Amino acid sequence: MTKTITAIKAMEILDSRGNPTVRVQVELSDGTRVAASVPSGASTGDNEAIELRDGDKNRYAGKGVLNAVANVNDKIAPSLIGVDVSQQASIDRSMIELDGTANKSKLGANAILGVSMAVARAAAVSVGMPLYRYLGGAGARRLTVPCMNIINGGEHSDNNVDIQEFMAVPLGAPTFREGLRYVAETFHVLKSILKKRGLATSVGDEGGFAPDLNSNEDALEVIIQAIEQAGYKPGEDIAIALDSAANSFAVDMDGHYDLTWSDTGKMSSDDLVTLGKDWISKYPIILWEDPLAEGDWAGFKQFTDQLGGQIEVVGDDIFVTNTHYIRQGIEQGVANSALIKLNQIGTVSESIEAVRMCRDAGWRYFISHRSGETEDSFLADFAVAMDGGHLKSGSASRSERIAKYNRLLEIEQELGESALYYWK
Ligand code: PGA
Ligand code: ZN
């Protein structure tokens, strides 16, 4: 029996940074009623779909989302009442057409994505299926390796570390549950090491520690120590992944990257590639996201040409989960993987399309939360449905991060013996 949409209602809630974001509730003809909440980034790419903010300085310093909420209630909802909820792709397409802009700036990607996610969840509930199976089909049974961001830098913290994310990757664990334990234990050991050195153990936006360190490389050293002291073998049990988020190294007028800890004060694209080579030869790094800035396609390609045979080179701000840019990236060989963030593109269907494009090209794809998150665990189901094998959802602290890891534990338990877990 067809289940149709009977009501769509949005409201303004707060994200993990205390900034407003959109929650959307969808009701169906069979009585199903679910909600979904939209995340929000800080280190954003220029070409991301537009997150509509009110700009009213009297509310939340201009960050209110009442206009996006009104767009859901007054414009999107009337256009979708009576529609078959299982028609995800056509529902998403109709919202894109209703918006009519290339970057969803009229209705707001936050408005559109909230509806898109809630529609997917409602459809799954109405057929009695877990979301990962509804989106991924009967074959969806591969858990993701949790790339746990245990040291935060860049725009996600107030410390002196340039690299935004240092992730511990439990690729040698036999199961997701064990992998999560490996990296959570490492996180706790890291805390005690930092404490002994008299360093801060407060956490950044994604729940990793955010100490002032002697250098960027010091972060790698201290993580290796933590892995070993936790009883694991670096590279075998736990490897390292990085997100430079190099946009935030503020390429200045002379085209140089400006890092706190470069010996020269400024670095060229060549210098960053050389740094990459050096670190990859010394540390068990298996994935590196945004090693160069989004405007530096030549530098990105050089990095991939030299190091893409050894590690996964992920484009985040450079591709913004948009098939237009991913296609160009594939044609030019500038990376070998794309980050997938639902709110960068603004619908579930377009995110799935981006994954498909990567898969068809023999690329990997890395499913990601945002630095501003909510308690919604949609991402965990989405990651299992997409079968990409790895996701990043922050550290072993802050419940908006843990919510995704806990949902993955639930999925693994539900799958029982049929659950799969492997890096590649
Ligand atoms: P963001 O950070 O959500 O602030 O963009 C995550 C990332 O850069 O991968
Ligand atoms: Zn990134």
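Structure's up top.
Report follows, based on the coordinates.

Reading the values: the criteria
Residues numbered from 1 in each chain as written. Chains lettered and ligands numbered in written order. Predicted model: local features only at pLDDT ≥ 70, side-chain atom pairs only at ≥ 80, totals over all residues. Heavy atoms only, no water. Helix = DSSP H or I, 4+ residues; strand = E, 2+ residues; numbered from the N terminus. Buried < 20%, exposed > 50% of the residue type's maximum accessible area, 1.4 Å probe, protein only. Core = buried A, V, L, I, M, F, W, Y, C linked by side-chain atoms within 4.5 Å. Domains from an automatic or database assignment. Contact = heavy atoms within 4.5 Å. Salt bridge = Lys/Arg side-chain N within 4 Å of Asp/Glu carboxyl O. Near = heavy atom within 4 Å. Polar contact = N/O pair within 3.5 Å; in protein donor to acceptor, adjacent residues only side chain to side chain. Nonpolar A, V, L, I, M, F, W, Y, C, P; charged D, E, K, R; others polar. Expected span 1.5 Å × (residues − 1). Pairing = 2+ DSSP bridges. Right-handed = clockwise from strand over helix to strand, strands pointing away. Axes fitted to C-alpha atoms, helices over the stretch in contact; angles between N-to-C directions. Donors = N, O, S within 2.8 Å, 3.2 Å for Na, K, Ca; no water.

### A few points about unusual backbone geometry
Item 1. Here alanine 61, not a glycine, exhibits a phi torsion of approximately 50 degrees, which is positive.
Item 2. Mapped onto the secondary structure, alanine 61 falls in the loop between strand S3 (33-37) and helix H1 (66-80).
Item 3. According to the relative accessible area criterion, alanine 61 is exposed, its value standing at 58%.
Item 4. Of note, the phi angle at lysine 104 is positive, near 60 degrees, even though the residue is not glycine.
Item 5. The residue lysine 104 is located in the loop between helix H2 (88-99) and helix H3 (109-126) in this model.

### Some thoughts on the nonpolar core
Item 1. Core analysis: the largest hydrophobic core is formed by 136 residues, its most contacted members being Phe319 and Ile367.
Item 2. Two domains each donate at least three residues to this core, and these are domain 1 (5-128) and domain 2 (142-421).
Item 3. If sequence neighbours within four positions are ignored, phenylalanine 319 has contacts with Trp297, Tyr325, Ile326, Gly329, Val334, Ala335, Ser337, Ala338 and Trp363.

### Description of the pattern of salt bridges
Two side chains of opposite charge can pair, provided their charged atoms sit close to one another.
Item 1. As enumerated under the stated definition, the model contains 31 salt bridges in all.
Item 2. Here aspartate 305 and lysine 301 are joined by a salt bridge, their closest N and O atoms 3.4 Å apart. One end of the pair, aspartate 305, and the other, lysine 301, are both in helix H8 (residues 297-307), four residues apart, so they sit about a helical turn from each other.
Item 3. Overall, aspartate 305 belongs to the exposed group, its relative accessible area being 52%.
Item 4. Each member of the salt-bridge network shares a partner with another, and the members are Glu165, Asp243, Glu289 and Lys392.

### Some thoughts on the site of ligand 1
Item 1. The full set close to ligand 1 counts 15 residues, and Ala42, His156, Arg370, Ser371 and Lys392 are the nearest of them.
Item 2. Here an oxygen atom of ligand 1 and a side-chain polar atom of aspartate 316 are 3.1 Å apart.
Item 3. In this structure, an oxygen atom belonging to ligand 1 sits 2.6 Å away from a side-chain N or O atom of serine 371.
Item 4. Broken down by class, the residue content of the shell around ligand 1 amounts to two nonpolar, five polar and eight charged.

### Examining helix H5 (residues 176-196)
Every α-helix winds through 3.6 residues per turn, so residues three or four apart in the chain are directed the same way.
Item 1. Over its 21 residues, H5 runs 30 Å from end to end, which matches the ideal 30 Å to within 8%, given 1.5 Å per residue.
Item 2. Those residues of H5 not exposed but buried are Phe176, Gly179, Leu180, Tyr182, Val183, Ala184, Thr186, Phe187, Val189, Leu190, Ile193 and Leu194.
Item 3. The inward-facing, buried residues of H5 abut strand S4 (145-146), strand S5 (148-152), strand S6 (165-169), helix H6 (216-229) and helix H13 (399-415).
Item 4. Two residues or fewer after H5 comes glycine 198, characterised by a positive phi angle close to 75 degrees.

### Observations concerning the pairing of strand S9 (residues 312-315)
Item 1. Residue alternation in S9 divides its side chains into two sets, Glu312 and Val314 and Val313 and Gly315, and both sets are buried.
Item 2. Across three bridges, strand S8 (residues 285-289) lies against S9 in parallel orientation. Residue pairing across strands places glutamate 289 opposite valine 314, the latter belonging to S9.
Item 3. Taking the sense of rotation as the criterion, the β-α-β connection linking S8, H8 and S9 turns out right-handed.
Item 4. Taken together, the two bridges between S9 and strand S10 (residues 337-340) define a ladder with parallel strand orientation.

### Topic: the sheet that holds strand S2 (residues 20-28)
Item 1. With antiparallel pairing, three strands are arranged side by side in an open sheet as S1-S2-S3. The strands lining the two open edges of the sheet, one partner per strand, are strand S1 (5-14) and S3. Taken pair by pair, the neighbouring strands of this sheet meet at an average axis angle of 20 degrees, ignoring direction.
Item 2. Where S1 meets S2, nine bridges bridge the pair, whose relative direction is antiparallel.

### Topic: the coordination of the zinc ion (ligand 2)
Item 1. The protein atoms that coordinate the zinc ion (ligand 2) are Asp243 (OD), Glu289 (OE) and Asp316 (OD), at distances of 2.1 to 2.2 Å.
Item 2. Considered as a linear motif, the donors of the zinc ion (ligand 2) on their single chain read D-x45-E-x26-D. Residue aspartate 243 is found in strand S7 (residues 239-243), and its partner aspartate 316 is found in the loop between S9 and helix H9 (323-332); the two are separated by 73 residues along the sequence. Aspartate 316 shares its class with aspartate 243; the two are buried.

### So, the environment of glutamate 27
Item 1. Of note, glutamate 27 is situated in strand S2.
Item 2. Residue glutamate 27 is classed as buried on the basis of its relative accessible area of 16%.
Item 3. Along the backbone, glutamate 27 and lysine 9 are 18 residues apart, and their C-alpha atoms lie at a distance of 8.7 Å.
Item 4. The contacts of glutamate 27, once residues within four sequence positions are left out, are Thr4, Ile5, Thr6, Ala7, Lys9, Thr32 and Arg33.
Item 5. Within the structure, glutamate 27 has its side chain in polar contact with the side chain of lysine 9 (distance 3.4 Å).

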